[in-house]
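A structural walkthrough
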Amino acid sequence: MRIANRVMQAVLFSVALVAMSPTLALDVAGVKVEERAQVAGKELVLNGAGIRTRLFFKVYVAALYAEKPAKEAAALIAGPGPRRIVLSMLRELDADTLYGALEEGLRNNLSEAERAALKPSIDALGATMRGIGKVVPGDTVTLDFSAEGLTIGHNGSPRGKIADEKIGPAVLKIWLGEKPAEESLKQALLGR
């Protein structure tokens, strides 16, 4: 009887610890990457996370969240549910450099006709990113993708929304397209 009571107490204690623990986190290059995120009233799970490097410098840790994890880029790009990318900065970047990298990713993954069709939304993305200004190590930039468009945040504060359902898939191609910002980062975001 005593053994059964102790076992039951241990089980209840373990359950209480799990219930009280915060969401688990993954460590990528010293950045705490949460296992879950909330976007558009939906709970998303971490699909993958990795480091963006440029000329041997670590620039940021990117984390991709989706309702249903997927290993195929096309499913995440065109998926119907909300998605989120969190960029946790590891280096200081001015606004033009940060937006220039995003613009390069769009140029590399969209045809000229696609870019022309999205010009107003791409211009709005540029204005929003420039409005954020300089980012420093420890800053986060969030890109929330939903059926309504793209919502951009900086350090937990909303910075802009682009109401165009086609801009989200276009921006996701920066990291998941045929010519991603970095192939190893694409694979990490796909959880491979």
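Please refer to the structure placed before this passage.
Described below are features of the structure shown in this document. Numbering of residues starts from 1 in every chain and runs along the sequence as written. Only residues with pLDDT of at least 70 are given local features in this predicted model, and only at 80 or more are side-chain atom pairs given and counted; all residues enter the totals for whole chains, interfaces and linings. Remark: hydrogens and water are excluded; side-chain values derive from all non-hydrogen atoms of the structure.

With respect to the overall build of the protein chain
Inclusion rule: Each helix is a run of DSSP H or I of at least 4 residues and each strand a run of E of at least 2, with the numbering of both proceeding from the N terminus. Note on exposure labels: buried denotes an accessible area under 20% of the residue type's maximum, exposed denotes more than 50%, and partly exposed covers the range between, all computed with a 1.4 Å probe on protein chains only. Contacts are residue-level and defined by heavy atoms, with any inter-residue pair within 4.5 Å sufficient. Surface accessibility in these figures is a Shrake-Rupley result with a 1.4 Å probe; residues are shielded only by whichever protein chains are displayed.
Helix and strand content of the protein chain: seven helices and nine strands. Counting every position in the protein chain, which comprises 192 residues, the buried fraction comes to 44%. For the protein chain, contacts bridging at least 24 residues in sequence account for 57% of all contacts bridging at least 6. About 10,600 Å² of surface is accessible on the protein chain, with carbon and sulfur atoms providing 57% of the total.

Digging into a nonpolar patch on the surface
Rule in force here: Two joining distances apply to patches: 9 Å for like charges and 5 Å for nonpolar side chains (Val, Leu, Ile, Met, Phe, Trp, Tyr), and every residue must have over 30% relative accessible area and no salt bridge. What counts as a salt bridge is simple: a side-chain nitrogen of Lys or Arg found within 4 Å of a carboxyl oxygen of Asp or Glu.
Together, L55, F56 and F57 make up an exposed nonpolar region whose accessible area comes to about 450 Å². Here F57 shows up in strand β5 (residues 57-66).

Quick notes on the nonpolar core
The following threshold applies: Definition used in this section: a nonpolar core is a set of buried Ala, Val, Leu, Ile, Met, Phe, Trp, Tyr and Cys residues joined via side-chain atoms within 4.5 Å.
In terms of nonpolar packing, the biggest core is built from 40 residues, with L125, M129, L150, V171, W175 and L176 touching the most fellow members. Once you skip the residues sitting within four places of it in the chain, L150 turns out to touch L125, L143, D144, F145, G160, K161, I162, I167 and V171. In this structure, V28, V31, A37 and V39 belong to the second largest nonpolar core, which totals 12 residues.

Focus: helix α6 (residues 167-176)
Summarising burial for α6: eight of the 10 residues are buried, a large majority. Turning to α6, its buried residues are I167, G168, A170, V171, L172, I174, W175 and L176.

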